[in-house]
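Here are the chains, one letter per residue:
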Amino acid sequence: MKICCIGAGYVGGPTMAMIAKQCPEIEVHVVDLNRERIAAWNSDSLPIYEPGLAQVVEEALGRNLKFTTDVDAAIMKADMIFIAVNTPTKTFGVGAGRAANLEFVEKCARRIAEVAQGHKIVVEKSTLPVRTAEAVKRILSAANVDNGATFDVLSNPEFLAEGTAIDDLLNPDRVLIGGESEAAIKALADVYAKWVPRKQILTTNLWSSELSKLTANAFLAQRVSSINAISALCEATEADVDEVARAIGMDSRIGPKFLNASVGFGGSCFQKDILNLVYLCEHFGLREVAAYWEQVVLMNDFQKRRFAERICRTMFSTVSDKKIGIWGFAFKKDTNDTRESAAIYVCRDLLRERARLSIYDPQVPEAKIRADLIASMGNLSGTVSDIDRKLVETNVTVVRDGYEAAKDAHAIAVLTEWDEFKEYDFKKIIGTMKAPAFLFDGRNVLDRTMLNKLGFETFGIGKS
Ligand code: NAD
Ligand code: UGA
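This is a predicted model, so every value here is computed, not measured. (Residues numbered from 1 in each chain as written. Chains lettered and ligands numbered in written order. Predicted model: local features only at pLDDT ≥ 70, side-chain atom pairs only at ≥ 80, totals over all residues. Heavy atoms only, no water.)

A. Summary view of the sheet that holds strand β7 (residues 175–179). Within the open sheet, the eight strands sit side by side as β3-β2-β1-β4-β5-β6-β7-β8. Their pairing is mixed. Because the sheet does not close on itself, it has two edges, and the strands there are β3 (65–68) and β8 (201–204). Neighbour-to-neighbour, the strand axes of this sheet turn through a mean angle of 25 degrees, independent of strand direction. Here two bridges tie strand β6 (residues 150–155) to β7, and the two strands are oriented antiparallel to one another. Looking at β7, one finds that Leu154 is bridged to Gly179. Sitting on the sheet, helix α1 (residues 12–22) touches β1 (2–6), β2 (27–31), β3 and β4 (80–83), and the angle it makes with β2 is about 170 degrees. In the packing of helix α9 (residues 206–237) onto the sheet, contacts are made with β5 (119–124), β6, β7 and β8, and the angle to β7 comes to roughly 140 degrees. (Pairing = 2+ DSSP bridges. Helix = DSSP H or I, 4+ residues; strand = E, 2+ residues; numbered from the N terminus. Axes fitted to C-alpha atoms, helices over the stretch in contact; angles between N-to-C directions. Contact = heavy atoms within 4.5 Å.)

And the structure:
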């Protein structure tokens, strides 16, 4: 068995490395058009920061795992081809700001159709709108005419979360395979069965599988927006959101996970997938259903905006020319991914109030932070004014640790829950800050009782 995966990103890279590790007899080729990314996968400094990933890659690389830019050769050799390319929200044309941009998926299908010979199983690994497999099948079936190739199409969405990808891949709650051909489904199930118990390998029809992925992300994001909505009410009423979360989470029907109130969810998928769901519902004339799910994203926008507004209001209604130390820029801990990170939007709003930001993140490079902030100032088509560009240049510094970010600052804002922040010497930190020393914990990770004793004026999410 030979596998090819098109797309060496956050999903393609770790997923294929895990398959290669667990199935030494399967040759796995991961291909990408991005030469830099492929070079990084073949180097000591992987393109993705993910705990445990380096060891998994190291074990299989050069044995049965290969990263290459030779897309056609890998397609030709493979029995099974995964499509794990990006499916971002469209920024142009019909459905801009909502629909998924399927350009990259379609290009993969066309490439496969062009070069494949014999029989291939094509696996949708990317997150796709329900019924995309129909289009993929039609594109592939055109290939029959030219080169006699035949195809089965499967949907096998990925449920890993960044920061815990390796554990999620090793011990998945379930593996979902949707398809029409029993033989194709069995071939893919047999790959996962090398390490995932059979009872956790769930098979469905194609459309249920495609829709389950969007639905899972919508439900997860909805939980975060629900607790974040309650956090706003907690701040107005002296209830404590962590206590409320604990109290409701002990109801076994609700469950305790994914109830951490925060400055807002980020990541490349929650918002994109919900907007995609909203677009699909509108397409099928289900306006009420669309509005219901859109509210999850609107609530998240409110939460991010609310946090920046609270900082300004608390700091005597002006942050202009005040230094604010920003701790964390990634969308969650243990990743270098900043896509849709709440930090981007909070920083943007503070910059618009003319604050001076000193940003520290253990994994996100300075160039990425600056590029994200400049992009956040732009409109939907990406145009950024010279004034806004200048603002990022002059008012943002990126520093090497949290201490430097806090030095001479009027406030600290915790935007990512990196563990190291809990270990800092806060006595030392307050000594270097302006008084009153404000601390806004957007992740509720710091010990506020201790900080208040030291003299900080602290604020959490959903806490008075
Ligand atoms: P990514 O942007 O990190 O990686 C996608 C890669 O595909 C890029 O390196 C890009 O260069 C490559 N690519 C695009 N078009 C190509 C083509 N025609 N030929 C070869 N390579 C091409 O994206 P990602 O985060 O890995 O996400 C991929 C998909 O998986 C998305 O649909 C996403 O919704 C879904 N997903 C992501 C996660 C996650 O945690 N990031 C989790 C589950 C599902
Ligand atoms: C999420 C899902 O958890 C994965 O199952 C899915 O495969 C993936 O999206 C995807 O399709 O891309 P991910 O975005 O990597 O994974 O990370 P999560 O742990 O889900 O966190 C998402 C965001 O929600 C983060 O910004 C996180 O800080 C925030 N969050 C999460 C909260 O604010 N509170 C919580 O209780 C949980």
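Picking up where we left off.
B. View of the pattern of salt bridges. Following the criterion strictly, the structure yields 30 salt bridges and no others. Between Glu366 and Arg370 there is a salt bridge, with its nearest N and O atoms 2.9 Å apart. Taken as a pair, Glu366 and Arg370 lie in helix α14 (residues 366–376) at a separation of four residues, close to a single helical turn. As a salt-bridge pair, Arg443 and Glu417 come within 3.7 Å of each other at their nearest N and O atoms. Linking Arg443 in the loop between β13 (438–441) and α18 (448–454) with Glu417 in the loop between β12 (411–414) and α17 (426–432), this pair joins segments that are 26 residues apart in sequence. Accessibility assignment for this pair places Arg443 and Glu417 in one class, buried. (Salt bridge = Lys/Arg side-chain N within 4 Å of Asp/Glu carboxyl O. Buried < 20%, exposed > 50% of the residue type's maximum accessible area, 1.4 Å probe, protein only.)

C. Seen up close, the confidence of the model for the chain. Confidence along the chain averages 97 in pLDDT terms, with 99% of residues attaining 70 or more. Scored by ipTM, the complex comes to 0.99, with pTM at 0.97. (pLDDT = per-residue confidence, 0-100.)

D. View of the packing of α14 against helix α15 (residues 386–395). At a minimum axis distance of 9 Å, the contact between α14 and α15 shows a crossing angle of 150 degrees. Accordingly, the angle class assigned to the pair α14 and α15 is roughly antiparallel. When the axes of α14 and α15 are compared, the crossing they make is right-handed. For the pair formed by α14 and α15, the contact residues are Arg370, Leu373 and Ile374 on the first element and Arg389, Val392 and Glu393 on the second. Considered class by class, the residues forming the contact of α14 with α15 number three nonpolar, no polar and three charged. (Parallel < 35°, antiparallel > 145°, perpendicular 65-115°, else oblique. Left-handed = near helix turned anticlockwise from the far one by under 90°. Nonpolar A, V, L, I, M, F, W, Y, C, P; charged D, E, K, R; others polar.)

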